[in-house]
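Residues per chain are reported as follows:
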2 protein chains.
Amino acid sequence: MIGMTQSPLPIIGIVRSRYADAGQVPIQAQLNRDEPGVIEFRDEYRDGLDGLGGFDYAWLITWLHLAPDDGGTVPPIRQTPFLLRGQQRTVGMFACRTPWRVNPIGLSLIRIVQVAEQSVRFAGVDVIDGTPVLDLKPYVARFDQPEGKPRCGWYDEIAIADHSKPAELPAT
Amino acid sequence: MIGMTQSPLPIIGIVRSRYADAGQVPIQAQLNRDEPGVIEFRDEYRDGLDGLGGFDYAWLITWLHLAPDDGGTVPPIRQTPFLLRGQQRTVGMFACRTPWRVNPIGLSLIRIVQVAEQSVRFAGVDVIDGTPVLDLKPYVARFDQPEGKPRCGWYDEIAIADHSKPAELPAT
């Protein structure tokens, strides 16, 4: 179990995945929705999983400790997201899902496969092995699903392939 | 603009809402989806909004600084959520959306109404006035919407009224 030093907040556990290199990790859990991963919880939080087995999905909230900037200084306010590198187009940090943020908080929609005593097996991996977990919230459609078909900005204008990885997208 | 002291992480801005009392705030943005609120951004982050106007929804990520516990000590690992008070039923912290968490990080699905130079008008208020904002991420259906109709645990077993507020739900 890693220490707190990689996260400025207390962590509830860590993610185990097969990725050691951030450049090789698919950019979103739902673009890599079949790959298995595990969340290992700290001893003191294991009872927090009681009832989670009744949910199909959850929000995995992480501290992206290997993001290009770790919160110590200010990352670029306008950036070229991985998916816009081919176009060399920049957008504001709050209009994209870049991991390079003021607070590098990761939000991953994961499918719950099995809830064990002190761990959760899930599908949908988009973080490297050892990523600190700040929180896990059950997905509740009533709270988390907008009505209709919402406009999704520049994401609606591009093709997004499953399993997209930074290292395989055009370089900046 | 409030200081950093109410959040352990740098804040990108604050929420303006009409609520001063946490007990009076609707428990989820999508249960109060028509009420307007405003996010006021810090000067240095205003350019981060570039491109956000093309999105209908966003994830408002906040530090719930007035949650019963502010992260200093450990909140109850099993709790009776507001919506289960009538049944006096407890569930694990990670199987509910209680604000009383190891890290009181709020996740609110808001509808973007207008993106201005340094602020965002939105609809869907579930936080009190002055709540520190840690991040804002655009809602991207491809990333944020699960397939089919996912099981949502104990939330599927109860009636959830729009505009539910802690102070109006059964007492513990």
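Predicted model only: the values in this text are computed from it and were never measured. (Residues numbered from 1 in each chain as written. Chains lettered and ligands numbered in written order. Predicted model: local features only at pLDDT ≥ 70, side-chain atom pairs only at ≥ 80, totals over all residues. Heavy atoms only, no water.)

A. Quick peek at the nonpolar core. If you look at the biggest cluster of nonpolar residues, it comprises 41 residues, and the most contacted ones within it are Ile39(A), Phe55(A), Leu136(A), Leu83(B), Phe94(B), Trp154(B) and Tyr155(B). Where this core is concerned, the elements lending two or more residues are strand 2 (36-41), strand 3 (57-63), strand 6 (105-115), strand 7 (119-123) and strand 8 (132-138) of chain A. Sequence-distant contacts of Tyr155(B), that is, excluding residues within four places in its chain, are made with Phe55(A), Pro138(A), Val140(A), Phe143(A), Leu83(B), Ala95(B), Cys96(B), Arg97(B) and Ile160(B). (Core = buried A, V, L, I, M, F, W, Y, C linked by side-chain atoms within 4.5 Å. Buried < 20%, exposed > 50% of the residue type's maximum accessible area, 1.4 Å probe, protein only. Helix = DSSP H or I, 4+ residues; strand = E, 2+ residues; numbered from the N terminus. Contact = heavy atoms within 4.5 Å.)

B. Seen up close, the layout of surface pockets. The computed volume of the largest pocket comes to approximately 730 Å³. Lining the largest pocket are 37 residues, and of these Leu64(B), Phe82(B), Arg97(B), Thr98(B) and Pro99(B) lie nearest its centre. Looking at the lining of the largest pocket element by element, the count peaks at four residues for strand 6 (residues 105-115) of chain B. Grouping the constituent residues of the lining of the largest pocket by class yields 21 nonpolar, 11 polar and five charged. Lining the second largest pocket are 32 residues, and of these Ile27(A), Leu64(A), Phe82(A), Pro99(A) and Asp126(A) lie nearest its centre. At four residues, the largest contribution of residues to the lining of the second largest pocket is made by strand 6 of chain A. (1 Å grid on protein atoms, 1.4 Å probe; cavity = no way out; pocket = protein on both sides within 12 Å on 5 of 7 lines; lining within 4 Å. Points joined across faces, edges and corners; volume = space filled by probe spheres on them. Nonpolar A, V, L, I, M, F, W, Y, C, P; charged D, E, K, R; others polar.)

C. Main features of the relation of the copies chain A and chain B. Rotating chain A by 180° and translating it 0.0 Å along the rotation axis places it on chain B, where the RMSD comes to 0.0 Å. The relationship between the two copies is best expressed as a two-fold rotation axis. Looking at the rotation axis and the C-alpha trace of chain A, the residue lying nearest is Gln145(A), at 3.4 Å. The share of interface residues of chain A whose copies in chain B are also at the interface is 100%, consistent with both copies meeting through the same surface. (Least-squares fit on C-alpha atoms with pLDDT ≥ 70 in both.)

D. Layout of the interface of chain A and chain B. Taken together, the 66 residues of chain A in the interface contact 66 residues of chain B. Where chain A abuts chain B, roughly 6400 Å² becomes buried across the two surfaces, and 60% of that area is made up of carbon and sulfur atoms. Between the two partners, chain A and chain B, sit 14 salt bridges. Here Arg151(B) makes a salt bridge to Asp56(A), at a shortest N to O gap of 2.9 Å. Counting the contacts that link chain A with chain B gives 34 residue pairs in polar contact (both at pLDDT 80 or more). Looking at which element gives the most residues to the side of chain A that touches chain B, the answer is strand 8 of chain A, with five residues. Taken together, the residues that form the side of chain A that touches chain B break down as 40 nonpolar, 11 polar and 15 charged. (Buried area = accessible area lost by both parts, 1.4 Å probe. Salt bridge = Lys/Arg side-chain N within 4 Å of Asp/Glu carboxyl O. Polar contact = N/O pair within 3.5 Å; in protein donor to acceptor, adjacent residues only side chain to side chain.)

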